[in-house]
Amino acid sequence: MRPREERLRAGGIEVQAWVGGRGAPLLVLHGAGGNRGWRRWMDLVSERYTVWAPTHPGFGGSGDAEWMEGIDDLARFHLWLIDAAGLGRPHLLGHSIGGWTAAEMAAMSPGAIDRLVLVAPTGLKPEKGEIFDIFYHSPQELRDLTVHDPKTVPEWDELFGTPPTPAELQIAERNREMTARLTWKPYMHNPRLARFLPRVSNPALVVWGRDDRIVPVECGEQYRSALPNARLTVLERCGHLPPIEQPEAFARLVLDFLGGVA
Amino acid sequence: MKLYYFSEMPHHEYPDEEGGKYPSLRLAFPNRFFDRAKAAANYRRYLEEYEFADQVGYDGLMINEHHSTPSCVNVGANMTAAVLARTTSRAKLLLLGNILPIEDNPVRMAEQIAMADLMSGGRVLSGFVRGVGVEQWWANANPVHNRERFEECHDLILKCWTEPGPFRWEGKHYHFRHVNPWCLPLQQPHPPIWIPGTASPETAVWAGQRGYTYVPFLVPFDIARELFEHYRQGAAEVGRTVTPDNLGFLICAVTADTKEKALEAGRHFVWRMGPTLRGPIEWFSPVGMRSRAGNQFALKARPRSLASMSYDELLAEHFIIAGTPDEVAEGFALVQRALGVGHLLLEAQESRMDHPTTMRSIELMGAKVIPAMARL
């Protein structure tokens, strides 16, 4: 299904979004790497759901939001965007910092969303490990650590196969800068979030890669136990990017969960 | 032209091959290589050298501050200023400077600088710096706020010094409801403010608008001229006239009784240019710390990193000046003619440059070079 590109507005900020599919709306929030466009897993999921994949303010081709200081600001923005775009009560799926954002949104306004999918979300401080410091390392080092094995990633060449153009480098830098604005301190987590997660009784699916070297899989356990109605699925031979690393398996998990099959 | 003596108070008391095992001497080189006894001895030595520089007639003593690095264990510029306020008597105390973006309490900063000014009889020149990225990491301060915090911290310090308290400050990064410092600088309205520059055109414009003394550090002459041009633009915007007193420049320098001895001593500066600046770009210039314009200028400003230059090249480009007193005087005069600066800051010590060599260099500068420079 061919997606269309839209410009959405909320709070005086215009954001770029990919929209496609049919069925109930599914809002998809991307991670620190930015909006990677219409990916294979979205194609599969959009058979039954209308995927709305906006680019966060301050990222990619979306408007600036230099006043934002934390993921809670981004969460409020996306709650507003749900209203502004007329999405009703969408399912919500977020990856990495987008997952953290989704968790904050659910905690702020559980009635505003239907089902919740958190994919390797940051947001909680691991008890044993550490969330990898993405700003302390080069984008190159980070890319190599992000996935379990580049050779098994079907869309690797399409996503990373050619050296980035100057324009793409500028966007990558902008994405990093906005991520720093939102997540610098406390680094990649909200010490108070766990207190609010018990409010979220929405059915929730937490997905993690067993070999996630960015956000330890123990955080998946933390989310699962803090959310009253959540289950955790850990994918083997998978790193921090399940939707990209295992698009078919990931799409199947999401479809089954949203459809209430599992 | 006025001369300033500067030591980074380095701690080069470890085997170089150990330092080479880590991605950088900053942040990553483990502090188990920190030698407490030698550090204690170093402070005694470095302070003595500063005190001697005051006695021989240096116009000023420059003090800086860095963290988490053996290249500079002067971890508190204001502490050093307090010591030198008591142990020196005539030279200006050039703090270059306090790292504003990582400071959480500008009111305390304003008080401490005022205290140093009072204790020194009004000798403080108060430099404010944005710091290198390493300091952002050390303080865990968000680099995207570096410039905003620099400016707001500066504004609050200035207000502390120039407007009667009590007052309230509700800014973006700083919030104080009852500001009324009972410690104000001796110099009125406040100590002169100095700003260093390496690559940021915005900083040069900002300093020019305010008439602050602006000092590029270790950049090629043509880059310094370009930065001064930005400074002049800023000054012109507000109708200020720029004089040599507004402009300075920093180089490394050492003198000795013979050219051979001076060149041997000057070789120690290569450590400062190379190994101490080695490290990932993410550590020295973390995301968002520089504007895009600043990033582009930085690329141009350092077409070749100092680390990639040989000792001979560093000498040829005047990053280092080493020679007999007559030769260094000639070199300094060349800098003065090239840049029109009124202040020349000499990084004049490097840890493995031994104490007698350092002291002799200070002595010869005082006897022969400083008087010659005063006539320029």
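Everything quoted here is computed from the prediction, not taken from an experiment.

### Things to note about the overall build of chain B
Right, on to step 1. Each helix and strand in chain B was counted, giving 15 helices and 11 strands.
Right, on to step 2. Expected size for 376 residues packed as a compact globule is a radius of gyration near 21 Å; at 20 Å, chain B falls within 12% of this value.
Right, on to step 3. With the principal axes as the frame, chain B shows a C-alpha extent of 60 × 50 × 40 Å.
Right, on to step 4. Put simply, chain B has 376 residues, and 51% of those count as buried.
Right, on to step 5. Of the contacts formed within chain B by residues at least 6 apart in sequence, a portion of 78% connects residues at least 24 apart.

### Notes on the overall build of chain A
Right, on to step 1. Along chain A, the regular secondary structure elements total 10 helices and eight strands.
Right, on to step 2. Oriented by its inertia axes, the alpha-carbon framework of chain A measures out at about 40 × 40 × 35 Å.
Right, on to step 3. A burial count over chain A gives 50% of its 262 residues as buried.
Right, on to step 4. Of the contacts made within chain A by residues no fewer than 6 positions apart, 75% connect residues no fewer than 24 positions apart.

### Examining the interface of chain B and chain A
Right, on to step 1. Listed per partner, the contact involves nine residues of chain B and 10 residues of chain A.
Right, on to step 2. Class assignment of the residues belonging to the side of chain B that touches chain A gives a composition of five nonpolar, three polar and one charged.

### Overview of the nonpolar core
Right, on to step 1. Grouped together as the largest cluster of nonpolar side chains are 93 residues, with contacts concentrated most on Tyr4, Tyr5, Leu61, Leu93, Leu94, Ile251 and Leu346 of chain B.
Right, on to step 2. Here the element with the most residues in this core is helix H4 (residues 106-119) of chain B; it accounts for seven residues.
Right, on to step 3. With residues up to four places along the chain from it excluded, the contact list for Leu93 of chain B reads Leu61, Ile63, Ala81, Leu84, Ala85, Ala116, Ser120, Arg123, Val124 and Leu125 of chain B.
Right, on to step 4. Counting 73 residues, the second largest nonpolar core, distinct from the first, contains Leu87, Ala103, Trp184 and Leu193 of chain A.

### Re the packing of helix H7 (residues 201-210) of chain B against helix H8 (residues 221-237) of chain B
Residue and element names in this part refer to chain B.
Right, on to step 1. Here H7 crosses H8 at 40°, and the two axes come no closer than 6 Å. Viewed along their axes, H7 and H8 adopt a mutual orientation that is oblique. For the pair H7 and H8, the sense of crossing is right-handed. Residue-level contacts link Pro201, Ala204, Val205, Trp206, Ala207, Gly208 and Gln209 of H7 to Leu227, His230, Tyr231, Arg232, Gln233, Gly234, Ala235 and Glu237 of H8.

### Topic: the pairing of strand S6 (residues 116-119) of chain A
Residue and element names in this part refer to chain A.
Right, on to step 1. Residues Leu116 and Leu118 of S6 are buried on one face, and the alternating residues Val117 and Val119, pointing to the opposite face, are buried as well.
Right, on to step 2. Pairing geometry for strand S5 (residues 91-95) and S6, over four bridges, is parallel. Across the sheet, Leu93 pairs through a bridge with Val117, a residue of S6.
Right, on to step 3. Running through helix H3 (residues 97-108), the crossover from S5 to the neighbouring parallel element S6 is right-handed.
Right, on to step 4. Inspection of the sheet shows S6 paired to strand S7 (residues 204-209) by four bridges, in the parallel sense. Pairing of Val117 across the sheet is with Leu205, part of S7.

### Description of helix H15 (residues 355-374) of chain B
All names here are of chain B.
Right, on to step 1. In this model H15 runs 26 Å from its N-terminal to its C-terminal C-alpha over 20 residues, within 8% of the 28 Å that 1.5 Å per residue would give.
Right, on to step 2. Gly366 marks where H15 bends most, by close to 45°.
Right, on to step 3. Residues Thr358, Ser361, Ile362, Leu364, Met365, Gly366, Val369 and Ile370 constitute the buried set of H15.
Right, on to step 4. Against the buried residues of H15 lie strand S1 (2-6), helix H2 (36-56), strand S9 (248-255), helix H9 (259-266) and helix H14 (325-339).

### Here's the deal with the pairing of S5 of chain A
Residue and element names in this part refer to chain A.
Right, on to step 1. For S5, the tally of buried residues reaches five of five residues, placing the bulk of the element in the interior.
Right, on to step 2. Pairing of strand S3 (residues 24-29) with S5, which is carried by four bridges, proceeds in the parallel orientation. Considered in S5, the bridge of Leu26 is made with His91.

### Description of the sheet that holds S1 of chain B
All names here are of chain B.
Right, on to step 1. One open sheet accounts for nine strands, arranged S8-S7-S4-S3-S2-S1-S11-S9-S10; its pairing is parallel. Sheet topology places strand S8 (213-216) and strand S10 (320-323) at the edges, where each strand pairs with a single neighbour. Averaged over all adjacent pairs, the angle separating strand axes in this sheet is 30°, with direction ignored.
Right, on to step 2. Pairing analysis gives five bridges linking S1 to strand S11 (residues 343-347), with the strands arranged parallel. Following the sheet pairing, Tyr4 is matched in S11 by Leu345.
Right, on to step 3. Each of strand S2 (60-63), strand S3 (92-99) and strand S4 (124-129) is contacted by helix H3 (residues 77-87), which is oriented at about 165° to S3, the strand it contacts most.
Right, on to step 4. Across the sheet, H9 lies against S9 and S10, angled at about 150° from S10, the strand it touches most.

Definitions and cut-offs
- Sequence order as written defines the numbering, with residues in each chain counted from 1.
- All chains are assigned letters beginning with A, and all ligands numbers beginning with 1, in the order in which they are written.
- Per-residue local features of the predicted model are confined to residues with pLDDT of at least 70, and side-chain atom pairs are confined, for both listing and counting, to 80 or more; whole-chain, interface and lining totals are unaffected and use all residues.
- Under the DSSP-based scheme used, a helix requires at least four consecutive residues in state H or I and a strand at least two consecutive residues in state E, with every element numbered from the N terminus.
- Computation of the radius of gyration draws on C-alpha atoms, with the globule rule given as 2.2 Å multiplied by the number of residues to the power 0.38.
- Here the C-beta atoms are placed from the backbone, and a residue counts as buried if at least 20 other C-beta atoms lie within 10 Å of its own, exposed if 12 or fewer do, and partly exposed otherwise.
- Here the contact rule is simple: place C-beta atoms from the backbone, and any two residues whose C-beta atoms are within 7 Å are in contact.
- Asp, Glu, Lys and Arg are counted as charged, while Ala, Val, Leu, Ile, Met, Phe, Trp, Tyr, Cys and Pro are counted as nonpolar; the rest, among them Gly, fall into the polar class.
- The nonpolar core criterion groups buried Ala, Val, Leu, Ile, Met, Phe, Trp, Tyr and Cys residues into a set whenever they are joined through C-beta atoms within 7 Å.
- In this description, a line fitted to the C-alpha atoms serves as the axis of each element, helices being fitted only across the stretch in contact, and the angle between N-to-C directions of two axes falls anywhere from 0 to 180 degrees.
- Geometric relationships in this document are graded by angle, where less than 35 degrees denotes roughly parallel, more than 145 denotes roughly antiparallel, 65 to 115 denotes roughly perpendicular, and other angles denote oblique.
- By convention, the crossing between two helices is left-handed when the near helix turns anticlockwise from the far helix through less than a right angle, and right-handed when the turn is clockwise.
- What makes two strands pair is DSSP finding at least two bridges between them.
- Here the term right-handed applies to a crossover when the path leading from its first strand over the helix to its second strand runs clockwise, the strands being oriented away from the viewer.
- Here the expected span of a helix is defined as 1.5 Å times the quantity of residues minus one.
- Bending is quantified residue by residue as the angle between axes fitted to the seven-residue window ending at that residue and the seven-residue window starting at it.

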